[in-house]
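Residue-level structure breakdown
Now for the letters of each chain:
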Amino acid sequence: MSRSRWVRGVVAVLTVLVCGSAFATPYTSNASGNWNVPATWTPAGIPTLGDTVTITGNHSITVSDARSVDFITFLNNSGNKEIHVTSTGALTVAGSGAAIQLNPSTDGVNLLQVEGGTVTLTDPLASVNIAGGALSIGQLRFTSLGGTLTIPRNLNFSGTAVNADVIFDSGSTGNLEIGGDLTAGGNVTAIAGTITFNGTGSQTINDYAFYNLTINKPTGTATLNGTGTAIVNGNLTVNSGLLDDGGNQINLDSGLGSLVTIGANGVLKLGSAANGTSFPTPVNPINVNLASNSAVVYQSANSQSVDTSFSYKRLYLQTLGGPVVRSFVNQTFLTVLEELFIDINVTASFDNDLLDVNGDITGTGTVQLLNSVSPGNVQVAGDWASGALNAANGTTVTYDGSGPQTMLCATYQGLTINKPSGDVTANSTTNVFGNLTLTSGNVVVNSSFTIDVLATVNRTSGHFIGPLTMGLNPTPMRRFEVGTANSIIESFDRIVRGTLAVMFALSTVAFMVGGVGVMNIMLVS
């Protein structure tokens, strides 16, 4: 390409950009009316994509069809300035940064009202700013007709907090979608409606009272930032992504009407280094809906109450600080349907209750079984390949899964094997000091397995495969199965066959030696 042609091309592109910018029109409201009426605006015309709009005076603008613009500003002067987006309206705002600047009136209310329609900011960096005046109001409102406002970045508040409003009317199905932060310094009144956080990456949710709070993030964490509590008077939903309560206790409807739902890609983290929050409360267990693969994480560095009134899918016990004990005292049972993860420096302590894990126990933490009133016991249907066990006298661990299982190599007081099918395998040193019960299923030993001299053994079915050490006393008499009758017969057959083979070899050698001796005698003769 020649230099002159390249220069002409650059000039052409710049011309298009400059001319395009030059054709963008700043419109100011001229009277109340429909957005699509030219007389509503000065200069006369209809604002469209690339233009800017300023609402002034005492004007009320209605959006009843599909309209686009780059920026909207409500002036901070006298009069009630309003935009109403009806159920047939779809307003697209394409500018970056403060795409909608909702300043207060000097003597009334400046209002963006969603009445069943949609307001969509399309630039990834677009935000909505709401400012409150000392005696006047900037307000975003969702009526009972609902509708949706989508903000890719932040909903920012400034000015006088009580006059920078977001309001959901009674019965509203409105949805406010925020891709960034919900900043502090405003006033949210929600007796209905939903606020959804759906951004990619980190989001901060400041201290407001919500009705329905939804987390629907492709990736990243939304963190509550408050003064110790967060209020959700409707439903809490974590469809996908991670909600961290930031050490703020989530308080639900006092009438037990709230639903807590965590989707397959959702994670709820509870507690901070300083504050040991509990599961959102109060909640009726039948209103807790946890999808397969959903996770709840208790992570405080302080004491933390683990709710056992419902079944978890994946339960993670972690700590943001030093060693902690998670206690489950007198709560009857804790059921984990898929995975229990116990992190290093965490001890999960069970006394007078049952830990029932239908999947795996993972992590490098400790399970502690106490017996102060009645024994704490464990039932595990999956693998328990890592971590530690601290078991008091009288406690029992039962392996009861279908199919192969890996046994935690540890010292057990009571150990029960009750498997419908498959073997359980011990890959390192394992000891039993109390009761060993073989109800069904075999134990495969790849290292050493010791049954203490004072232990009792009860068997219905199953046996050990591999090295086994047993302490024996004259009493009580014990009988222990080391294999099946067929396996013993096969072993005897192998011994007999081996013995016959050796005897045949020896006789053959003797015959040959004798034969050589006879031949030598004959030659000498």
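Below: a short report on this structure. (Residues numbered from 1 in each chain as written. Predicted model: local features only at pLDDT ≥ 70, side-chain atom pairs only at ≥ 80, totals over all residues. Heavy atoms only, no water.)

Right, let's talk about the sheet that holds strand β38 (residues 405-406) for a bit. Read across the sheet, four strands follow the order β38-β41-β44-β47 without closing on themselves; strand pairing throughout is parallel. The open sheet has two edge strands with one neighbour each: β38 and β47 (464-465). Bridge count for β38 against strand β41 (residues 424-426) is two bridges, and the pairing is parallel. Opposite Thr-406, over in β41, you have Thr-425 as the bridge partner. (Pairing = 2+ DSSP bridges. Helix = DSSP H or I, 4+ residues; strand = E, 2+ residues; numbered from the N terminus.)

Burial of strand β1 (residues 26-29) is one-sided: the residues Tyr-27 and Ser-29 facing one way are buried, the residues Pro-26 and Thr-28 facing the other way are not. Bridge count for β1 against strand β4 (residues 52-55) is three bridges, and the pairing is parallel. Across the sheet, residue Pro-26 finds its bridge partner in β4, namely Thr-52. Of the pairings in the sheet, the one linking β1 to strand β3 (residues 41-42) comprises two bridges and is antiparallel in character. When the bridges of β3 are listed, Ser-29 appears paired with Trp-41. (Buried < 20%, exposed > 50% of the residue type's maximum accessible area, 1.4 Å probe, protein only.)

Let us now look at unusual backbone geometry. The omega angle of the peptide bond from Thr-42 to Pro-43 is -5°, so this bond is cis rather than trans. Examined against the element boundaries, Pro-43 turns out to sit in the loop between β3 and β4. Cis geometry marks the peptide bond from Thr-281 to Pro-282, where omega comes out at -10°. Counting through the fold element by element, Pro-282 comes out in the loop between β27 (260-270) and β28 (288-290). In this structure, Asn-352 is a non-glycine residue whose phi angle is positive, near 65°. Looking at the secondary structure, you find Asn-352 in strand β32 (residues 346-357).

Taken together, the four strands give an open sheet; going across it, the order is β39-β42-β45-β48, and neighbouring strands pair in parallel fashion. The open sheet is flanked by β39 (411-412) and β48 (469-470), the only strands paired with a single partner. Sheet analysis places strand β45 (residues 449-451) next to β48, joined by two bridges and oriented parallel. Paired with Thr-450 across the strands is Thr-469, a residue of β48.

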